[in-house]
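One letter stands for each residue in the lines below.
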Amino acid sequence: AKIVPEIMEKAAKLGVEIILPVDFVISSKFGEDGEIKETTKEAGIPAGFMGLDCGPKSIEMNAKAVMESKTIIWNGPMGVFELAKFETGTKSLMDTVVAATAAGVITVIGGGDTAT
């Protein structure tokens, strides 16, 4: 975490946009039987909760970035896609990447579970 400001500064100097989530789907348990709700970056993730997927605004931002790209390198899911309540971020991104690829965007997918 100490190098994040350095990475963000270097990206800004090089004109590279790094897109980070602005909202999250959170749960009080790692599973679908916990208290599940949404929160924002500004509100934070409360004690006793964990972020398990990106939220709708982040999904929208990711889709916009993908559709504006010429090359996509995707390595890893957006959330805990193995659980239905936390699959939306990953499945939405997958659908958008498929559409972009069909439109001629060069796409590289890696990261084990991402490619399956």
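What counts, and at which threshold
- Residues numbered from 1 in each chain as written.
- Predicted model: local features only at pLDDT ≥ 70, side-chain atom pairs only at ≥ 80, totals over all residues.
- Heavy atoms only, no water.
- Core = buried A, V, L, I, M, F, W, Y, C linked by side-chain atoms within 4.5 Å.
- Buried < 20%, exposed > 50% of the residue type's maximum accessible area, 1.4 Å probe, protein only.
- Helix = DSSP H or I, 4+ residues; strand = E, 2+ residues; numbered from the N terminus.
- Pairing = 2+ DSSP bridges.
- Right-handed = clockwise from strand over helix to strand, strands pointing away.
- Salt bridge = Lys/Arg side-chain N within 4 Å of Asp/Glu carboxyl O.

Enquirer: Looking at this model, I keep getting lost on the nonpolar core. Mind explaining?
Expert: Soluble globular proteins: nonpolar side chains tend toward being buried together. Counting residues in hydrophobic clusters, the biggest one holds seven residues: V66, I72, W74, L93, V97, A100 and V105. When contributions to this core are tallied by element, the ones reaching two or more residues are β4 (71-75) and α3 (88-102). Per element, the largest residue contribution to this core is three residues, and it comes from α3. In this structure, V25, L52, V80 and F86 belong to the second largest nonpolar core, which totals five residues.

Enquirer: What should I look at first to understand the pairing of β4 in this one?
Expert: Note on strand geometry: in a regular strand, side chains alternate between the two faces of the sheet. Alternating residues of β4 divide into I72 and W74, all buried, and T71, I73 and N75, none buried. In terms of strand pairing, β4 meets strand β5 (residues 106-110) through five bridges, oriented parallel. In the sheet register, I73 faces β5, and the bridge partner there is V108. Where the polypeptide runs from β4 across α3 and back to β5, its parallel neighbour, the crossover connection is right-handed.

Enquirer: So what exactly am I meant to see when it comes to helix α1 (residues 4-14) here?
Expert: Every α-helix winds through 3.6 residues per turn, so residues three or four apart in the chain are directed the same way. Little of α1 is tucked away, with one of its eleven residues classed as buried. Residue G15 follows α1 closely and has a positive phi angle near 75 degrees.

Enquirer: Help me understand the pattern of salt bridges in this model?
Expert: Should the charged atoms of two oppositely charged side chains come close, the side chains can pair. Scanning the entire structure with this criterion turns up five salt bridges. Here K64 and E68 are joined by a salt bridge, their closest N and O atoms 2.8 Å apart. Per residue, the accessibility class of K64 equals that of E68, and both read exposed.

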